[in-house]
Amino acid sequence: MTVNLLGLDHEALKAFCAGLGEKPYRARQLLRWIHCTGADDFAVMTDMSKPLREMLAREAVITAPRVLRDTTAADGTRKWLLDVGTGNAIETVFIPETHRGTLCISSQAGCALACTFCSTGHQGFNRNLMVEEIIGQLWLASRALRSRDALSAGFRTAQSAVDRLGQRDHGERAISNVVMMGMGEPLANFENVVAAMQLMLDDSAYGLSRRRVTLSTAGLVPGIDRLRDACPVALAVSLHAPNDELRNELVPINRKHPIRELLAACLRYIEKAPRDFVTFEYVMLAGVNDSVAQARELVKLVKSVPCKINLIPFNPFSGTSYTRSGPEAIAHFRDVLMQAGLVATIRKTRGDDIEAACGQLAGKVHDRTKRRQRRQEEVAAQ
Ligand code: SAH
């Protein structure tokens, strides 16, 4: 059976090379070709002998999920819909800003946690993504965002490609940050997400610093502890409510891991985290969690945890009964937090015209809808 090398981190690639009777340094060479230059064809890897390249072509492939759709929003946000087989699709979003570019990556097809305000949660859980499907999103987006010049250039060695593309040294990278904030709960797909993040951090692959990779969780307490030991990156936690009663309703996993335990896990995490704070995300739902009294309750709740609070205006999706808090309510809520000495920001809504904003990712495939429609029409005709 052929192996997909996109799914192998440095250690796994070393083992693969050893299996072929090759030296461990080949792993680094392959990593550079695959992730720094975006190569998917062994023939271009001319710093390896022809027989080796031919053997690689027989034993292995480099394949990312197929792009079903590629859409750019009015504000430059770009969304890819990717086919991950058996009718499942996932989404990846690139958010360009003046001094940075952030890629938002999915970790599961669907999600089991069923947060009531999240579109992915409404679709239910399909399956965990494999390493190649997670890192494949970064691989595809990096290739797509690379300049035409770089793509047409022929490279003799992986190192010359790295030098020419100026990925590491010139700070020109289109993707400077990665957030595990797409579809799915990343800590519920722990091993694969960590292996993919190791590639993001690896100097021979994407070389991102731990501070520039953020994992967002709905609050899987044991997962937060495991992450702290396995791969501490910047941590964001979806808090969304100032007490257990409301959080039980909005984020049902809270019944299993209540706020007190969650905050204790955040404190343990900070000891090893690359940043000295945790980001709490707080979706602003009109009349549900956005009152001044609730802002005050939130201040009291988080006072023992070094944190920043990121208020996310709710992004509506079809079938939801929630509405977004008004701009005044959001500003007021933020002011209460700031007056109490907390750092609070309001997340700018990006790409909502192409359903690329937080909570709008559902991996909708038009074809599937059409199929459903056709079936309904057939039934109606009978
Ligand atoms: N499962 C992870 C990561 C995915 S979502 C988590 O829960 O953290 C990234 C962020 O968007 C989370 O804070 C999530 O709660 C928030 N979100 C989900 N649905 C949203 C919506 N409709 N509007 C605004 N934010 C939403």
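Residues numbered from 1 in each chain as written. Predicted model: local features only at pLDDT ≥ 70, side-chain atom pairs only at ≥ 80, totals over all residues. Heavy atoms only, no water.

J.: What's the story with the overall build of the protein chain in this structure? I'm lost.
T.: When you go through the protein chain residue by residue, the secondary structure sums to 14 helices and 14 strands. Taken over 382 residues, the protein chain has a buried fraction of 53%. In the form shown here, the protein chain has an accessible surface area of approximately 17600 Å², with 50% of it arising from carbon and sulfur atoms. (Helix = DSSP H or I, 4+ residues; strand = E, 2+ residues; numbered from the N terminus. Buried < 20%, exposed > 50% of the residue type's maximum accessible area, 1.4 Å probe, protein only. Areas by Shrake-Rupley, 256 points an atom, 1.4 Å probe, with all protein chains shown as cover.)

J.: Whenever I open this one, the packing of aromatic side chains confuses me. Can you help?
T.: Any aromatic ring pair is given by two values, namely how distant the centres are and how the planes are angled relative to each other. Within this structure, the stated rule accounts for 3 aromatic pairs. Judged by centre distance (5.0 Å) and plane angle (35°), the rings of tyrosine 282 and phenylalanine 333 are tilted. Remark: phenylalanine 333 occurs in helix α13 (residues 327-339) and tyrosine 282 occurs in strand β12 (residues 278-284); sequence separation between them is 51 residues. An aromatic cluster is present here, built from Phe314, Phe317 and Tyr322 joined pairwise through their rings. (Phe/Tyr/Trp six-rings, centres within 6.5 Å; stacked < 30°, edge-to-face > 60°.)

J.: Explain the pattern of salt bridges here, please?
T.: Side-chain pairing between opposite charges can occur once the charged atoms of the two side chains come close. By the definition in use, this model includes 17 salt bridges. A salt bridge links arginine 66 to aspartate 83, with the shortest nitrogen-to-oxygen separation between them at 3.3 Å. In this pair, arginine 66 sits in strand β3 (residues 66-72) while aspartate 83 sits in strand β4 (residues 78-83), placing the two residues 17 residues apart along the sequence. Assessed through its relative accessible area of 23%, aspartate 83 is described here as partly exposed. Of the charged contacts in the structure, one is a salt bridge between arginine 127 and glutamate 133, with a shortest N-O distance of 2.8 Å. Judged by relative accessible area, arginine 127 falls into the partly exposed class, the value being 23%. Connected through shared salt-bridge partners, Arg228, Asp229, Glu271 and Lys272 make up one network. (Salt bridge = Lys/Arg side-chain N within 4 Å of Asp/Glu carboxyl O.)

J.: Would you mind showing me how to read the nonpolar core here?
T.: Within soluble globular proteins, side chains that are nonpolar generally end up buried alongside one another. Among the nonpolar cores identified, the biggest contains 115 residues, and Met200, Leu227, Phe280 and Ile309 are the most heavily contacted of them. Sorting elements by how many residues they give to this core places helix α8 (residues 190-201) first, with 9 residues. Three or more residues apiece are contributed to this core by two domains, here domain 1 (3-61) and domain 2 (66-381). Not counting residues up to four positions away in its chain, the partners in contact with methionine 200 are Ile105, Ile135, Leu138, Val178, Met180, Tyr206, Gly207, Leu208 and Val213. (Core = buried A, V, L, I, M, F, W, Y, C linked by side-chain atoms within 4.5 Å. Domains from an automatic or database assignment. Contact = heavy atoms within 4.5 Å.)

J.: Explain the packing of helix α1 (residues 10-19) against helix α2 (residues 25-36) to me, please; I cannot follow it from the model alone.
T.: To characterise two packed helices, one gives the angle between the axes of the helices and the distance between these axes. Packing of α1 against α2 brings their axes to within 8 Å, and their N-to-C directions diverge by 120°. As judged from the angle between their axes, α1 and α2 are oblique. As for how α1 packs across α2, the hand of that crossing is right-handed. Contacts between α1 and α2 involve His10, Leu13, Lys14 and Cys17 on the former and, on the latter, Arg26, Ala27, Arg28, Leu30 and Leu31. (Axes fitted to C-alpha atoms, helices over the stretch in contact; angles between N-to-C directions. Parallel < 35°, antiparallel > 145°, perpendicular 65-115°, else oblique. Left-handed = near helix turned anticlockwise from the far one by under 90°.)

J.: Even after reading the chapter, I still don't get the packing of helix α5 (residues 131-145) against α8, so can you show me in this structure?
T.: Between α5 and α8, the shortest axis-to-axis distance is 8 Å and the interhelical angle comes to 35°. Taken as a pair, α5 and α8 cross one another with a handedness that is right-handed. When α5 is examined against α8, the residues Val131, Ile134, Ile135 and Leu138 are found in contact with a partner set consisting of Asn192, Val193, Ala195, Ala196, Leu199 and Met200. Classifying every residue of the contact of α5 with α8 by side-chain character gives 9 nonpolar, 1 polar and no charged. (Nonpolar A, V, L, I, M, F, W, Y, C, P; charged D, E, K, R; others polar.)

J.: Just to check I follow, could you spell out the pairing of β3 for this structure?
T.: When a strand is regular, its side chains alternate between the sheet's two faces. Relative to β4, β3 is paired through 6 bridges, and the arrangement is antiparallel. Bridged to threonine 72 within β4 is arginine 78. Hairpin connection from β3 to β4: 5 residues lie between these consecutive antiparallel strands, with glycine 76 at a positive phi of about 95°. (Pairing = 2+ DSSP bridges.)

J.: Can you help me understand the site of the ligand in this one?
T.: Every one of the 20 residues lining the ligand counts as a neighbour, but Phe117, Ser216, Ser238, His240 and Asn315 are closest to it. Within the backbone of phenylalanine 117, one N or O atom sits 2.9 Å away from a nitrogen atom of the ligand. Between histidine 240 and the ligand, the recorded distance is 2.6 Å, taken from a side-chain N or O atom to an oxygen atom. In the complex, 96% of the free accessible area of the ligand, which totals 530 Å², lies under the protein chains. (Near = heavy atom within 4 Å. Polar contact = N/O pair within 3.5 Å; in protein donor to acceptor, adjacent residues only side chain to side chain.)

J.: Help me out: how do you make sense of the environment of alanine 295 in this one?
T.: Residue position: alanine 295 is located in helix α12 (residues 292-302). Expressed as a C-alpha distance, the spacing of alanine 295 and valine 336, which sit 41 residues apart in the sequence, is 6.3 Å. Dropping the residues within four chain positions of it, alanine 295 is found in contact with Phe333, Val336 and Leu337.

J.: Teacher, can you tell me more about the side chain of lysine 79 here?
T.: Relative to the elements of secondary structure, lysine 79 occurs in strand β4. On the basis of relative accessibility, which here comes to 7%, the residue lysine 79 falls in the buried class. Within the structure, lysine 79 has its side chain in polar contact with the backbone oxygen of isoleucine 354 (distance 2.9 Å). Beyond its immediate chain neighbours, meaning those up to four positions away, lysine 79 contacts Arg69, Asp70, Thr71, Glu91, Thr92, Val93, Ile354, Glu355, Ala356 and Leu361.

J.: I would appreciate a short explanation of the confidence of the model for the protein chain in the present structure.
T.: For any part of a model where pLDDT is low, the fine detail of the predicted coordinates should not be relied upon. On average, residues of the protein chain score 90 in pLDDT, and 88% of them reach the 70 mark or higher. Segment residues 166-171: pLDDT under 50, and 12 contacts once partners within four positions in sequence are set aside and those in other chains are kept. Long-range and interchain partners of residues 366-376, a stretch whose pLDDT sits below 50, account for 5 contacts in this model, where long-range means more than four residues apart. (pLDDT = per-residue confidence, 0-100.)

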